[in-house]
Structures are given as C-alpha cells and as structure tokens.
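Descriptive structure summary
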Amino acid sequence: VSVGGTTAVDSFLVSTTGVVDIDAVGAVTVDGVSDMTLHSAGIAASDNTFLIRASNTNVGGEGILSLQSEGKLTLTGEQAAANAIHLNANATAGGIDIDAGTAGIAADTTGALSLQSALSTDLTMAANVASTQTLTIAATNAEGSNVSNIDIDADGAITVDAVGSMSLQGGAAT
C-alpha cells in the first residue's frame, strides 16, 4: 500500500500473516489524538520482543527501547556520552518516582556516582522483617597502594543517634 503526496487517509488497516515493513527516506511520524497502541503478540514459546531503535551514525551508538513479552523493559543508550540515557522531568512540579519489588534496585557504575538535591534529603532503610537488617556505608580501594576515604561535611550540626551502643574507632577496627 502506498499513499503519496497530500492524500488524506481516514483509516488504514493491514492484515497479513507475513511481515509488514515500512521504510522511508525521510522521517516517519505516527500521531494520535487519543490512545495509541503498538502490539506485538507472539504465539511461540520463545520471547516476543518489541523494539524501538534510533540510530545516528554521525555520533555513534544507538538508543534502544526494548519491551519483552515477559514484562521486562530494557532501555539502552550506546552513545559514548555522559547523558547517553537522559530522564527529564524538570517541570515546576515534575518528579521521577521509582518503585521496585523485593529484588530491589541495583545501580552499578565504573565511574563516579553523584546524587544531589537542593532540598532536605534522606537515605532511610525502614525494614519490617523478622530479622536484623543493616544499612552499610563503605568505601574500599582494592588497588592496594591507595585507600578509600569517607568524608562527611556539614555547615551546621552533625547528629548521630543510636538506640543501642555506638562505636567510633580510629585505626584498625576490632
């Protein structure tokens, strides 16, 4: 099916048991005034994947959004840039809310990690389980000839409270 020029199409339906391939030399735009659904319904026992891929050979790398039929979402930014993946919710009352189940959240990097806020901030573990839980803040350097430090600064008071015993030690911990 080919629609060229300024021809208006009220509805467009393709039904096939094969493959539908849409290619364009210029941009491809899909607009909807209401809901939009792109559905990939696999019938095989293997994973069914829906990919949204953006490539730019001028800057290198791809941006890939992958949705798998088992409910997994993968967002990949392959550009060698500090903002290869950029989440932006900077409207006046905007925000980002991350909720995770019992498998938790793992954020790993081989570079620096920076979490910054302009307002009061907390790091809280609020456990409600039948075993002792620990919040650990640690710094190690496996390189051997150097160490890792923890630096705590405040231009106001530093308050440390403990219901049980508290121990601050210099030198080797015992």
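Described below are features of the structure shown in this document.

Calculation rules
Residues numbered from 1 in each chain as written. Predicted model: local features only at pLDDT ≥ 70, side-chain atom pairs only at ≥ 80, totals over all residues. Heavy atoms only, no water. Helix = DSSP H or I, 4+ residues; strand = E, 2+ residues; numbered from the N terminus. Buried < 20%, exposed > 50% of the residue type's maximum accessible area, 1.4 Å probe, protein only. Contact = heavy atoms within 4.5 Å. Areas by Shrake-Rupley, 256 points an atom, 1.4 Å probe, with all protein chains shown as cover. Patch = residues over 30% accessible without salt bridge, like charges linked within 9 Å, V, L, I, M, F, W, Y side chains within 5 Å. Salt bridge = Lys/Arg side-chain N within 4 Å of Asp/Glu carboxyl O. Polar contact = N/O pair within 3.5 Å; in protein donor to acceptor, adjacent residues only side chain to side chain.

The next point concerns the overall build of the protein. Each helix and strand counted, the protein has zero helices and three strands in total. For the protein, the N- to C-terminal ordering of α and β elements is β-β-β. The buried share among the 174 residues of the protein stands at 2%. Counting contacts in the protein only where the partners sit at least 6 residues apart, residues at least 24 apart contribute 0% of the total. A total of about 16,600 Å² of accessible surface is found on the protein, and carbon and sulfur atoms cover 51% of it.

A word on the environment of Leu135. Tracing the backbone shows Leu135 in the segment after strand E3 (73–77). The class for Leu135 is partly exposed, based on a relative accessible area of 47%. Each C-alpha atom, one on Leu135 and one on Met125, is 6.8 Å from the other, the two residues being ten residues apart in sequence. In this structure Leu135 touches Leu123 and Met125, once residues within four positions along its chain are discounted.

Together, Leu73, Leu75, Ile85, Leu87, Ile96, Ile98 and Ile105 make up a nonpolar patch on the protein surface, roughly 740 Å² of accessible area in all. By the secondary structure assignment, Ile96 is in the segment after E3. Here Ile96 falls in the exposed class, since its relative accessible area comes to 53%.

Checked against the element boundaries, Gln133 lands in the segment after E3. Looking at Gln133, the relative accessible area reads 38%, which means it is partly exposed. If sequence neighbours within four positions are ignored, Gln133 has contacts with Met125 and Ala127. Polar contacts involving the side chain of Gln133 include one to the side chain of Ser131, which spans 3.0 Å.

Geometry only, nothing functional implied.
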